[in-house]
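Okay, here's what each chain looks like letter by letter:
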Amino acid sequence: MRHPTVVPFHDLSAILTPGDTQAAVDVAEAGWYVLGPQVQGFEHEWSERCGVASCIGTGNGLDAIEIGLRAAGIGPGDEVVTTSISAAATVLAILRAGARPVIADIDPTTGLLSRESVERSITSRTRAVLLVHLYGQMRGMADWTTLCGEHGLLLLEDCAQSHDAAVSGRRAGSWGAFGAFSFYPTKNLGALGDAGALVTSDKRLADRARALRNYGQTERYVHDMQGLNSRLDELQAAILTARLSRLADWTQRRREIALRYRSEIASSAVGLLSPPDDEENHVYHLFVVKSPQRDALRAHLAGLGVETLIHYPVPLGLDKALRDVPRDPAGIPAAIAHAEECLSLPCAPHLSDDEVSIVIDAVNSFTS
Ligand SMILES: *Cc1c(COP(=O)(O)O)cnc(C)c1O
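These notes cover the structure that comes with them. For clarity, every value in this text was computed on a predicted model and none was experimentally measured. In this numbering scheme, every chain counts its residues from 1 along its sequence in written order. Local features are withheld for residues below a pLDDT of 70 in this predicted model, meaning they are given only at 70 or higher, and side-chain atom pairs are given and counted only at 80 or more; totals for whole chains, interfaces and linings count all residues. The side-chain numbers reported here are obtained from all heavy atoms of the structure, hydrogens and water having been left aside.

Nearness of a residue to a molecule or strand requires only that one of the residue's heavy atoms be within 4 Å of it. In the neighbourhood of the ligand, 14 residues make up the surrounding shell, with Gly61, Leu62, Asp158, Ser182 and Lys187 lying closest. Between the ligand and the protein, one listed contact pairs an oxygen atom with a backbone N or O atom of Gly61 at 2.8 Å. Distance and chemistry together define a polar contact, namely a pair of N or O atoms within 3.5 Å, with one atom able to donate a hydrogen and the other to accept it when in protein, and with adjacent residues in sequence counting only for side-chain atoms on both sides. Here an oxygen atom of the ligand and a backbone polar atom of Leu62 are 2.9 Å apart. Exposure was quantified through the Shrake-Rupley algorithm and a 1.4 Å probe, taking into account, for residues, occlusion by the shown protein chains and nothing else. For the ligand, whose unbound accessible area comes to 380 Å², protein coverage reaches 89%.

In structure tokens:
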């Protein structure tokens, strides 16, 4: 039986404003649709926001990672260590760049990449560690910088879930050789379709990325590299610029909701991930709880009209498509356990206080 939804996980039309619609109409009437003044304007604003020298708009987040890797000179023969709990795009991008992903395990208290597992996964061919600021949280950045420095590796950031997150005042995307963002509609800053961006302070990497996203073209119809077509639309750039002024409020609202979940969820059958060291470290793209009876909890919430999702039900490397990807020689037991226990509660800026209360009451009425 299908239950009526009382608290939806996403309600993307709820954040659409007349300003967004007008921005779209303005682009349609301006008559310049791909890589134009809107894209340049957004690239400028987003690079400032991230505290880096350059931003290169791309078609989506997966492409941003691939382009970043290729622009950094990472490809065939190179290994990139990354996490087993992320969107498949993280690993697919490494494969598409022609490099070899090596999937490491997670820290069960946060869901983030485990340092010990990364150290076990490094070989003589390793060139980079690709961090994912999963669920919106950044942690241990100084330690990752040190570890990569000691091993002569590039630190890279998948920032698709961490817009505006920061550590010591330094934003996501400014710690690594590059940061890759997605502006898929459900992300913390979302477009009205696919969109992405690469940010970097490395001028050479930025120049190469700018060429790679547009066939590898360095001058009109002159190609120095075999690039791809991953250009950002004017329409999406205009929407993103219009929405940028609201991102801080949205993040604030996500944090308020998370704070209530943290203090009011009391069911003994439900566990929380470790809180961030500092408020700025977490932008709560997702609020994830864990339960040994995850599927029963999910059914219980659905029965009360509370929509939930699972991020992610299958660790990377265990899906059919990625089964041949090498993993930490000690395995990925923490990721396997996490995938069985994790559950994402609604945590989006459109939720009202009453809706948040409904979620909390629903969780607290779950008994094992
Ligand atoms: C969404 C996401 C991506 C991919 O972004 P797309 O724009 O969908 O290609 C990559 N990594 C993570 C962690 C994501 O959440």
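As a further point, take the environment of Ala64. On the secondary structure map, Ala64 appears in helix α3 (residues 61-71). Not counting residues up to four positions away in its chain, the partners in contact with Ala64 are Thr58, Ala180, Phe181, Ala197 and Leu198. Secondary structure elements follow DSSP: runs of H or I no shorter than four residues count as helices, runs of E no shorter than two count as strands, and numbering proceeds from the N terminus. We call two residues in contact whenever any of their non-hydrogen atoms come within 4.5 Å of each other.

Next up on the list: the packing of α3 against helix α7 (residues 203-212). Only the stretch in contact is used when a helix axis is fitted, and all axes are lines through C-alpha atoms; the angle between N-to-C directions ranges over 0 to 180 degrees. Axis separation between α3 and α7 bottoms out at 9 Å; the angle between their running directions is 130°. When the interaxial angle is binned, α3 and α7 end up oblique. When the axes of α3 and α7 are compared, the crossing they make is right-handed. Along the contact surface, α3 presents Ile67, Gly68, Arg70 and Ala71, while α7 presents Leu205, Arg208, Ala209 and Leu212. Here the angle decides the label: under 35 degrees means roughly parallel, over 145 means roughly antiparallel, 65 to 115 means roughly perpendicular, and every other value means oblique. By convention the crossing between two helices is left-handed if the near helix lies anticlockwise of the far one by an angle smaller than a right angle, and right-handed if it lies clockwise.

Turning our eyes to something else, we now look at the packing of helix α2 (residues 37-50) against helix α8 (residues 234-264). In a pair of packed helices, the angle between the axes and the distance between the axes together describe the arrangement. Where α2 meets α8, the axes come as close as 7 Å, and the angle between the chain directions of the two elements is 30°. Crossing of α2 over α8 shows left-handed handedness. Every residue of α8 that contacts α2 at Pro37, Gln38, Val39, Phe42, Glu45, Trp46 and Arg49 is listed here: Glu234, Ala237, Ala238, Leu240, Thr241, Leu244, Leu247 and Ala248. In this classification, Asp, Glu, Lys and Arg are treated as charged, Ala, Val, Leu, Ile, Met, Phe, Trp, Tyr, Cys and Pro as nonpolar, and every other residue, Gly included, as polar. A breakdown of the residues in the contact of α2 with α8 according to their chemical character gives 10 nonpolar, 2 polar and 3 charged.

In terms of residue burial, α3 counts as a mostly covered element, since 10 of its 11 residues are buried. Buried within α3 we find Gly61, Leu62, Asp63, Ala64, Ile65, Glu66, Ile67, Gly68, Leu69 and Ala71. Measuring from the backbone nitrogen of Leu62 back to the side-chain oxygen at the start of α3 gives 3.1 Å, which picks out Asn60 as the cap. Two residues or fewer after α3 comes Gly73, characterised by a positive phi angle close to 80°. When accessible area is computed with a 1.4 Å probe and restricted to protein chains, residues below 20% of their type maximum are described as buried, those above 50% as exposed, and intermediate ones as partly exposed.

The next thing to look at is the pairing of strand β8 (residues 178-182). In terms of burial, β8 is largely enclosed, as 5 of its 5 residues are buried. Judged by which residues are buried, β8 turns out to be covered on both faces: Phe178, Ala180 and Ser182 on one side and Gly179 and Phe181 on the other are all buried. Pairing of strand β5 (residues 154-158) with β8 involves 3 bridges; the strand directions are parallel. If you follow Leu156 over to β8, its bridge partner there is Phe178. Only when DSSP finds a minimum of two bridges between them are two strands counted as paired.

Here we come to a nonpolar patch on the surface. Grouping into patches uses exposed residues only, defined as over 30% relative accessible area, and leaves out salt-bridged ones; the cut-off is 9 Å for like charges and 5 Å for nonpolar side chains (Val, Leu, Ile, Met, Phe, Trp, Tyr). The salt bridge criterion pairs a side-chain nitrogen of Lys or Arg with a carboxyl oxygen of Asp or Glu, the two atoms within 4 Å. A contiguous nonpolar patch, built from Val314, Leu318 and Ile336 and spanning about 190 Å² of accessible area, is present on the exposed surface. The class of Leu318 is partly exposed, set by a relative accessible area of 32%.

To continue, consider the side chain of Glu157. Here Glu157 lies in strand β5. Within the buried set, Glu157 has no salt-bridge partner at all; the shortest N-O distance to an opposite charge, 6.6 Å, is to Arg170. Among the polar contacts listed, one links the side chain of Glu157 to the backbone nitrogen of Ser174, at a separation of 3.4 Å. Counted charges follow a simple rule, with Lys and Arg positive, Asp and Glu negative, and His plus the chain ends left uncounted.

Assignment of secondary structure puts Val199 in strand β9 (residues 196-200). The class for Val199 is buried, based on a relative accessible area of 0%. For the pair Val199 and Tyr135, spaced 64 residues apart in sequence, the C-alpha to C-alpha distance is 20 Å. Those residues in contact with Val199 that sit more than four places away from it in its chain are Trp46, Cys50, Val52, Ser54, Cys55, Gly173, Phe178, Gly179 and Phe181.

Looking now at the sheet that holds strand β14 (residues 342-345). Read from one edge of the open sheet, 3 strands run β12-β13-β14, paired in antiparallel fashion. The outermost strands of the open sheet, each flanked by one partner alone, are β12 (271-272) and β14. By the bridge criterion, 4 bridges tie strand β13 (residues 287-290) to β14 in an arrangement that is antiparallel. What sits directly across from Val289, in β14, is Leu343.

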